[in-house]
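Survey of secondary and tertiary structure
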Amino acid sequence: MRKIITYGTFDLFHIGHLNILKRAKAQGDYLIVAVSSDAFNAGKGKKAYYSEDDRMEIVRAIRFVDEVILEESWDQKRKDIKKYNIDAFVMGDDWKGKFDDLADLCEVIYLPRTEGVSTTKIKSDLKVK
Ligand code: C2G
C-alpha cells in the first residue's frame, strides 16, 4: 500500500484544497492529511477562520481522505514520515523546493496549485460589498 501525506491549514475549504487532496490521493492508495493546529497557525502569525477541530472534521469528511492528524510544528514532518511509513510527501507547487530536505526519507512531490482561488482572496473579496 503506497502511503501519501500532505499538510495544510485548509481554512474556508475551497476547490483548490479539494483539487490538491484529490491529486495527492491519486499518487497512492492511502492519504493522510495533517491539518495545522490553531497554536501552530498563531506561531506563524496566522488565524484561521475555522477552528482546528472544524477544519479537521471537514477534511476528514472527504471521501478520498483516509486519515487526518494535527500539524503542530514545522519539524514534525520527518517524524510523521517515519511513524506512518510514508512513501510520498505531496504539497502544492507554491511550496516547490521548500521540503526537498525530506527526500532522504520519501519521495517529495509538488503538484500544480489551482489558480484564482485562495483563502486570502475569499476573505478580501467578501470584504468588498
Ligand atoms: N493549494 C492549492 N491551490 C490553491 C490553494 C492551496 O493547491 N488555490 C494547496 C497548497 O499548495 C497546499 C494545500 O492546498 O498544498 C493547503 O494550502 P493552505 O491551506 O493554504 O496551507 P498552507 O498555508 O500552505 O500550509 O507545513 C505546511 C503548511 O501547513 C502548509
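How each quantity is defined
- Residues numbered from 1 in each chain as written.
- Predicted model: local features only at pLDDT ≥ 70, side-chain atom pairs only at ≥ 80, totals over all residues.
- Heavy atoms only, no water.
- Helix = DSSP H or I, 4+ residues; strand = E, 2+ residues; numbered from the N terminus.
- Buried < 20%, exposed > 50% of the residue type's maximum accessible area, 1.4 Å probe, protein only.
- Polar contact = N/O pair within 3.5 Å; in protein donor to acceptor, adjacent residues only side chain to side chain.
- Contact = heavy atoms within 4.5 Å.
- pLDDT = per-residue confidence, 0-100.
- Phe/Tyr/Trp six-rings, centres within 6.5 Å; stacked < 30°, edge-to-face > 60°.
- Near = heavy atom within 4 Å.
- Areas by Shrake-Rupley, 256 points an atom, 1.4 Å probe, with all protein chains shown as cover.
- UniProt positions renumbered as here; feature names shortened; annotations may be inferred.
- Core = buried A, V, L, I, M, F, W, Y, C linked by side-chain atoms within 4.5 Å.

With that out of the way, let us pick up the side chain of T6. By the secondary structure assignment, T6 is in strand β1 (residues 3-8). A relative accessible area of 2% means that T6 is categorised as buried. Of note is the side chain of T6, whose polar atom sits 2.7 Å from the backbone oxygen of V90. Ignoring any residue separated from it by four or fewer positions in sequence, one finds T6 in contact with L21, L31, I32, V33, A34, V90 and M91.

As a further point, take the confidence of the model for the protein. Of the residues in the protein, 98% reach a pLDDT of 70 or more, and the chain-wide mean stands at 96. Here the prediction assigns the complex a pTM of 0.96, and the interface score ipTM is 0.97.

Among all positions of helix α1 (residues 15-25), only G16, H17, N19, I20, L21, A24 and K25 are buried. The secondary structure elements touched by the buried residues of α1 are β1, β2 (30-36), α3 (52-60), β4 (88-92), β5 (107-111) and α5 (119-127).

Before going further, it helps to examine the packing of aromatic side chains. In the structure shown here, the tally under the stated rule is seven aromatic pairs. Consider the rings of Y49 and Y50, whose centres lie 5.1 Å apart with planes at 75°: the pair is edge-to-face. Relative accessible area serves as the criterion here: at 60%, Y49 is assigned to the exposed category. Connected via pairs of aromatic rings, a cluster forms that spans Y7, F40, W74, F89, W95 and F99.

Turning our eyes to something else, we now look at the site of the ligand. In the vicinity of the ligand lie 20 residues, with F10, E71, D94, T114 and V117 positioned nearest. For the ligand, an oxygen atom lies 2.8 Å from a polar atom in the side chain of K77. Measuring from an oxygen atom of the ligand, one finds a side-chain N or O atom of W95 at 2.8 Å. In isolation the ligand has 630 Å² of accessible area, and contact with the protein removes 93% of it.

Moving on to the UniProt feature "domain: Cytidyltransferase-like" (unreviewed entry) in the protein. Annotation from UniProt places "domain: Cytidyltransferase-like" (unreviewed entry) at residues 5-123. As annotated, residues 5-123 has a helix share of 33% and a strand share of 22%, and its two end C-alpha atoms lie 27 Å apart.

This part covers the nonpolar core. F10, L21, L31, V33, V35, V59 and V65 are the most contacted members of the largest nonpolar core, which totals 18 residues. For this core, the elements supplying multiple residues, two or more each, are α1, β2, α3, β4 and β5. In this structure V33 touches T6, F10, L21, V59, V65, E67, V68 and I69, once residues within four positions along its chain are discounted. Core analysis: the second largest hydrophobic core is formed by 15 residues, Y7, Y30, I69 and C106 among them.

Okay, the environment of D53 next. Within the fold, D53 resides in helix α3. Owing to a relative accessible area of 53%, D53 belongs among the exposed residues under this scheme. For the pair formed by D53 and L70, sequence separation is 17 residues and the distance between their alpha carbons is 9.4 Å.

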